[in-house]
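Given next are the chains, with one letter for each unit.
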Amino acid sequence: MSNELKVKFWGVRGSYPTPGAGTVKYGGNTPSVEVQAGNRTIILDAGTGIIPLGRELARTKRAGEILLLLSHMHHDHTQGFPFFVPAYLPNAKLHIYGPDGTHESMKNVLERNQSSETFPLGLRDMASSKDIQAVRESQVVVWDENGVRVVESTSGLSDEAVVIRIHKSYAHPGGVFIYRITWRGKSVVYATDTEGYVGTDKRLVKFAKDADVLIHDAQYLDEHYWGQLEGFPATQGFGHSTVTMACEVAASAQAGQLVLFHHDPSYSDDMLAGMERTAKSLFTNSVAAYEGLEITLRNESMSVQLQTPAMHGRDVQYAQNG
Ligand SMILES: [Zn+2]
Ligand SMILES: [Zn+2]
């Protein structure tokens, strides 16, 4: 089994998909991130990025058992699921975990997303076996030699266990789950759709403490957030962060690498490149997520592989310690 904990970005855009000439560098698919812990595949969110990921899993025969963690049930985090190829394969087993909604269960929302009025095929028409469960903040999701399950305590688990902790953030309409995936001493925190607080989100900082990789919502330029950018109304209270907020959390939590995530759908590649420069000036190890970005964590060293889509012919790699 591979010793690596690998993170690959398939969809990095917030709110709605954004194809077009102005977004080819960072990509236009909505959130979906693949985490590979050895030979186990964990997927964070089912935005449209999960569609090419699903094809890749089927093509490389990795569509056996898959754990899909949903941060919340907003459209941009679930809209790719009806097109997720492994969900149609009879031999695939999907564990789909996430939060219940305020008024409806998670399972109901998924079923309603594929009701006969809105989609030709229902959940039950998808041939895979599906274990759909709402989880709570106090619970821990575990994947070890005994399979995927939800436990109340991590005592007695083997070193092989992938351990996923949950933090519920209230800084997004309806609330959102933030996940921390740990395997063999390395950890990745996925904090999308959350807004920063004055003086930093202290609960989140505690939850993300010393994470090797922190994927953090950074939807807005500061000027946009505060309504000081021509043509962009203020967005305070919308449940998304600025680059500065993301950098503050990364610095306070002493994260190894910050990945700016959930890019605003109206922002061009040039704007995102500018945000990445700003982020680097506030927190050195920052990168703006783009489709194809891979981060590989192994033992004592971390290597960040930056791979843009082939059409750009750019393939840069750098490594760092710690
Ligand atoms: Zn979102
Ligand atoms: Zn949302």
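For the structure itself, consult the block above.
Conventions adopted
Residues numbered from 1 in each chain as written. Chains lettered and ligands numbered in written order. Predicted model: local features only at pLDDT ≥ 70, side-chain atom pairs only at ≥ 80, totals over all residues. Heavy atoms only, no water. Donors = N, O, S within 2.8 Å, 3.2 Å for Na, K, Ca; no water. Tetrahedral: all angles 85-135°; square planar, octahedral: opposite > 155°, others 65-115°. Helix = DSSP H or I, 4+ residues; strand = E, 2+ residues; numbered from the N terminus. Buried < 20%, exposed > 50% of the residue type's maximum accessible area, 1.4 Å probe, protein only. Polar contact = N/O pair within 3.5 Å; in protein donor to acceptor, adjacent residues only side chain to side chain. Pairing = 2+ DSSP bridges. Axes fitted to C-alpha atoms, helices over the stretch in contact; angles between N-to-C directions. Expected span 1.5 Å × (residues − 1). Contact = heavy atoms within 4.5 Å. Salt bridge = Lys/Arg side-chain N within 4 Å of Asp/Glu carboxyl O.

1. Here we look at the coordination of the zinc ion (ligand 2)
Thinking step 1. In the first shell of the zinc ion (ligand 2), the protein supplies H72 (NE2), H74 (ND1), H172 (NE2) and D193 (OD), at 2.1 to 2.5 Å from the metal.
Thinking step 2. One way to put it: the four donor atoms around the zinc ion (ligand 2) meet at angles of 90 to 174°, and that makes the site irregular.
Thinking step 3. Sequence spacing of the donor residues for the zinc ion (ligand 2), all on one chain, is H-x1-H-x97-H-x20-D.
Thinking step 4. The zinc ion (ligand 1) is placed at 3.6 Å from the zinc ion (ligand 2), the two being bridged by D193. Remark: H172 occurs in the loop between β9 (162–169) and β10 (176–183) and H72 occurs in the loop between β4 (65–69) and β5 (93–98); sequence separation between them is 100 residues. As far as the burial class goes, H72 and H172 line up, both buried.

2. Digging into the coordination of the zinc ion (ligand 1)
Thinking step 1. The protein atoms that coordinate the zinc ion (ligand 1) are D76 (OD), H77 (NE2), D193 (OD) and H262 (NE2), at distances of 2.1 to 2.3 Å.
Thinking step 2. The coordination sphere of the zinc ion (ligand 1) comprises four donor atoms, whose angles at the metal cover 93 to 163°; the geometry is irregular.
Thinking step 3. All donors of the zinc ion (ligand 1) belong to a single chain; written as a sequence motif, their spacing is D-H-x115-D-x68-H.

3. With respect to the side chain of D144
Thinking step 1. By the element assignment, D144 lies in strand β7 (residues 140–144).
Thinking step 2. At a separation of 2.7 Å, a polar atom in the side chain of D144 contacts the side chain of R149.

4. A short note on the sheet that holds β10
Within a sheet, each strand pairs with its neighbour through backbone hydrogen bonds, oriented either parallel or antiparallel.
Thinking step 1. Strand order in the open sheet formed by eight strands is β8-β7-β9-β10-β11-β12-β13-β14, with mixed pairing between adjacent strands. For this open sheet the edge positions go to β8 (147–151) and β14 (286–288), each flanked by a neighbour on one side alone. Put simply, the sheet's adjacent strands are angled 20° from each other on average, direction ignored.
Thinking step 2. The sheet contact formed by β7 and β9 spans four bridges and is antiparallel. When the bridges of β9 are listed, V140 appears paired with R165.

5. Side note on the pairing of β10
Thinking step 1. Counted residue by residue, β10 has seven buried out of eight residues, so it is predominantly covered.
Thinking step 2. As paired elements, β9 and β10 share seven bridges and run antiparallel to each other. Looking at the pairing, V163 lines up with T182 of β10.
Thinking step 3. The hairpin formed by β9 and β10 contains six residues between the paired strands, and G174 there has a positive phi angle of roughly 85°.
Thinking step 4. Where β10 lies against strand β11 (residues 186–191), five bridges are found, and the strand directions are antiparallel. Counterpart to Y179 in the pairing with β11 is Y190.
Thinking step 5. As consecutive antiparallel partners, β10 and β11 are separated by two residues, and within that stretch R184 has a phi angle of approximately 50°, a positive value.

6. Looking at helix α6 (residues 269–282)
Thinking step 1. The end-to-end C-alpha distance of α6, which contains 14 residues, comes to 20 Å, matching closely the 20 Å that a straight helix rising 1.5 Å per residue would cover.
Thinking step 2. Within the span of α6, buried status applies to D269, L272, A273, G274, M275, E276 and A279.
Thinking step 3. Buried residues along α6 sit in contact with α5 (243–253), β13 (257–261) and β14.

7. Things to note about the pattern of salt bridges
Thinking step 1. Under the defined criterion, the tally for this structure stands at 14 salt bridges.
Thinking step 2. Among the ionic pairs, E160 bridges to R40, the shortest N-O distance being 3.7 Å. Placement of E160 in the loop between β8 and β9 and of R40 in strand β3 (residues 40–44) is noted, with a sequence separation of 120 residues between them.
Thinking step 3. Put simply, D212 and K186 hold a salt bridge, and the shortest N to O gap is 3.9 Å. Residue D212 is found in the loop between α3 (202–207) and β12 (213–217), and its partner K186 is found in strand β11; the two are separated by 26 residues along the sequence. Neither D212 nor K186 differs from the other in exposure class; each is buried.

8. Thoughts on the side chain of H167
Thinking step 1. Mapped onto the fold, H167 is located in strand β9.
Thinking step 2. Not counting residues up to four positions away in its chain, the partners in contact with H167 are E137, V176, F177, I178, R203, L204 and F207.

9. A word on the pairing of β8
Regular strands place their side chains on alternate faces of the sheet.
Thinking step 1. Relative to β8, β7 runs antiparallel, the two sharing five bridges. When the sheet's bridge partners are listed, V140 is paired in β8 with V151.

By themselves, these figures tell us nothing about what the structure is for.
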